[in-house]
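Structural overview for review
For reference, the chains in residue letters:
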Amino acid sequence: MDFGLLMFHTGAVLTLSNVGPYFYLSKVESSTEALLWNDIFLWTQLKLGIPRGTIRACVLIENILSAFEMDEILYQLKEHSLGLNCGIWDYAASIVTKFGDRSNFVLPDRNNYVNIDNHFLLSYMRLVVKVCHRRGAPATGGMAALTTASCKNEDDKKRIIDLVCKAKMKEINIGVDGFLIYDPELLPSINDIWSKYGLNQISTILHPDLNVSADDLLLIPSGAVTTAGVQRNIKIGILFIYSWLGNGKGHFMLDGAIEDSATAEISRSQIWQYIFHQTKLADATGEKITKAFVKNETFKVFAECDNVTYDKKILEQCVQIFLEIVTASEFPEFITTFLYNHSTFRALRQS
């Protein structure tokens, strides 16, 4: 519906202005879906009298299944393709979605072990780059969530800028042709990095002998699961729900970084997975993560948040919704779908 409305009202104008229409296709799991989108693009262009190939779309490879069909996805979109994009948090969460009931796919603490330095995610990004550049398509990296908004002085600001630039240099060295940042304050520094690489690296094959196997993509890191990591996930899950229910934004700032649906997905997915497998904490107690344990930690997080400027009544609702999600017997595939269909949100939309 969104696509149809946008194209009906603005398709011709965007085409005449030579600024699109451009789209970002998320949650694609297979080349069959890409073929469907290509058929939709062809039909739309025909009906609106827009030249074939005008509509362009970048596919977000944020699902473990789509990682095995990258070539096919690019092929099916043909002249409508704007390449592929890496979405690390949703991609990691999809591993829980598809394989979460298997003990060998339990993901350790997100902040310490789920990052581009780890083999399975490094392999994933390298494969995106290899597939795209072999086809002459752009490959883009992830978003820098850190911001300078909460920096108290220039030293703090420089530290954040250096951290982001270091992270983005890793992606450049992998071969990406661009990436996303949230904070415009970072643009000058990011542009300085890119100045020596030109518009993109499409014609550069940085890893010609690269061979990424299924085992590489599915090699889950071993590492600790800690109380601090569990509490962090709980907090992000609750505050994401609050950002929808409380202010309708769907994203929020936490400790100098932007948290959104992607980080909420991996956070709540890990909590569900830990409960399902009764994962043992690496803390001294070695306690198992059960529903009772998560409820107890959730109420601790609620007490901590209750001391900040949140609406207590709404926050209580968010806590209950979060617990429904992570203690469900069947894993809810998407947190956003779960929230849209929840009675609390339905009542809010009708009010």
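Only a predicted model underlies this, so the values are computations on that prediction, with no experimental measurement involved.

1. Notes on the sheet that holds strand β1 (residues 22-25)
Sheet architecture is open: 5 strands sit in the order β1-β2-β3-β4-β5, paired in parallel fashion. Each end of this open sheet is capped by a strand with a single partner; those strands are β1 and β5 (178-181). Adjacent strand axes in the sheet meet at a mean angle of 25 degrees when their direction is disregarded. By the bridge criterion, 4 bridges tie β1 to strand β2 (residues 56-61) in an arrangement that is parallel. By the bridge assignment, Tyr22 is partnered in β2 with Arg56. Strand contacts of helix α3 (residues 70-77): β1, β2 and β3 (81-86), with the helix running at about 150 degrees to β3, the strand carrying the most contacts. Set on the sheet, helix α7 (residues 154-174) makes contact with β4 (139-144) and β5; between it and β4 the angle comes to about 165 degrees.

2. Some thoughts on the packing of aromatic side chains
Going through the model one piece at a time under the given rule, you end up with 13 aromatic pairs. On the numbers, 4.9 Å between centres and 55 degrees between planes, the contact of Phe3 with Phe23 is tilted. Of the two residues, Phe3 sits in helix α1 (residues 2-16) while Phe23 sits in strand β1, which places them 20 residues apart along the sequence. Among the residues examined, Phe23 registers a relative accessible area of 16% and is labelled buried.

3. Some remarks on the nonpolar core
In terms of nonpolar packing, the biggest core is built from 63 residues, with Val59, Met70, Leu84, Leu121, Tyr124, Val128 and Ile190 touching the most fellow members. By residue number, the principal contributor to this core is helix α6 (residues 119-134), which donates 10 residues. Ignoring anything within four residues of it in the chain, the contact list for Leu121 reads Ile88, Tyr91, Val114, Asn115 and Ile116. The next biggest cluster of nonpolar side chains, apart from the first, holds 37 residues, and it includes Val225, Tyr242, Leu254 and Cys305.

4. A short note on unusual backbone geometry
In the segment running from Gly20 into Pro21, the intervening peptide bond is cis, with an omega of 5 degrees. Note on placement: Pro21 falls in the loop between α1 and β1. For Lys27, which is not glycine, the phi torsion reads 65 degrees and is therefore positive. In this structure, Lys27 sits in the loop between β1 and α2 (31-48). The phi dihedral of Gln278 is positive, around 50 degrees, even though this residue is not glycine.

5. A few points about helix α10 (residues 227-245)
Relative to the 27 Å expected for 19 residues at 1.5 Å per residue, α10 spans 27 Å between its end C-alpha atoms, a close match to the ideal helical length. Most of α10 sits inside the fold, with 16 of its 19 residues counted as buried.

6. A short note on the environment of Met125
With respect to the helices and strands, Met125 occurs in helix α6. Residue Met125 is classed as buried on the basis of its relative accessible area of 0%. Considered as a pair, Met125 and Gly141 are 16 residues apart in the sequence and their alpha carbons are 7.7 Å apart. Contact partners of Met125, with chain neighbours within four places excluded, come to Cys86, Ile88, Ile116, Gly141, Gly142, Glu171, Ile174 and Val176.

7. With respect to the pattern of salt bridges
For the coordinates displayed, the defined rule picks out 16 salt bridges. In this structure, Asp90 engages Lys27 in a salt bridge whose closest nitrogen and oxygen atoms are separated by 3.4 Å. You can see Asp90 sitting in helix α4 (residues 88-99) and its partner Lys27 sitting in the loop between β1 and α2, a full 63 residues away along the chain. Residue classification places Lys27 among the partly exposed positions, given a relative accessible area of 31%. The shortest N-O distance in the salt bridge between Lys235 and Glu304 comes to 2.7 Å. Of this pair, Lys235 sits in helix α10 while Glu304 sits in helix α12 (residues 291-306); the two residues are 69 residues apart in sequence, bridging distant segments of the chain. Residue class for Lys235 comes out buried when judged on its relative accessible area of 19%. Given a relative accessible area of 44%, Glu304 falls into the partly exposed group. Within this structure, Lys27, Glu62 and Asp90 form a network of salt bridges that share partners.

8. Regarding the side chain of Asn118
Tracing the backbone through its elements, the reader meets Asn118 in the loop between α5 (110-113) and α6. Every residue in contact with Asn118, bar those within four places of it in the chain, is listed here: Tyr113 and Pro221.

9. Description of the packing of α3 against α6
Orientation of α3 relative to α6, taken along the N-to-C sense of each, is 35 degrees, at an axis distance of 10 Å. The element α3 and its partner α6 pack so that their crossing is right-handed. Residues Met70, Asp71 and Leu74 of α3 touch α6, and the partners they reach there are Tyr124, Leu127, Val128, Val131, Cys132 and Arg134. Class assignment for the residues of the contact of α3 with α6 results in 7 nonpolar, no polar and 2 charged.

Scoring rules and cut-offs
Residues numbered from 1 in each chain as written. Predicted model: local features only at pLDDT ≥ 70, side-chain atom pairs only at ≥ 80, totals over all residues. Heavy atoms only, no water. Pairing = 2+ DSSP bridges. Helix = DSSP H or I, 4+ residues; strand = E, 2+ residues; numbered from the N terminus. Axes fitted to C-alpha atoms, helices over the stretch in contact; angles between N-to-C directions. Contact = heavy atoms within 4.5 Å. Phe/Tyr/Trp six-rings, centres within 6.5 Å; stacked < 30°, edge-to-face > 60°. Buried < 20%, exposed > 50% of the residue type's maximum accessible area, 1.4 Å probe, protein only. Core = buried A, V, L, I, M, F, W, Y, C linked by side-chain atoms within 4.5 Å. Expected span 1.5 Å × (residues − 1). Salt bridge = Lys/Arg side-chain N within 4 Å of Asp/Glu carboxyl O. Left-handed = near helix turned anticlockwise from the far one by under 90°. Nonpolar A, V, L, I, M, F, W, Y, C, P; charged D, E, K, R; others polar.

Geometric values such as these leave the question of function open.
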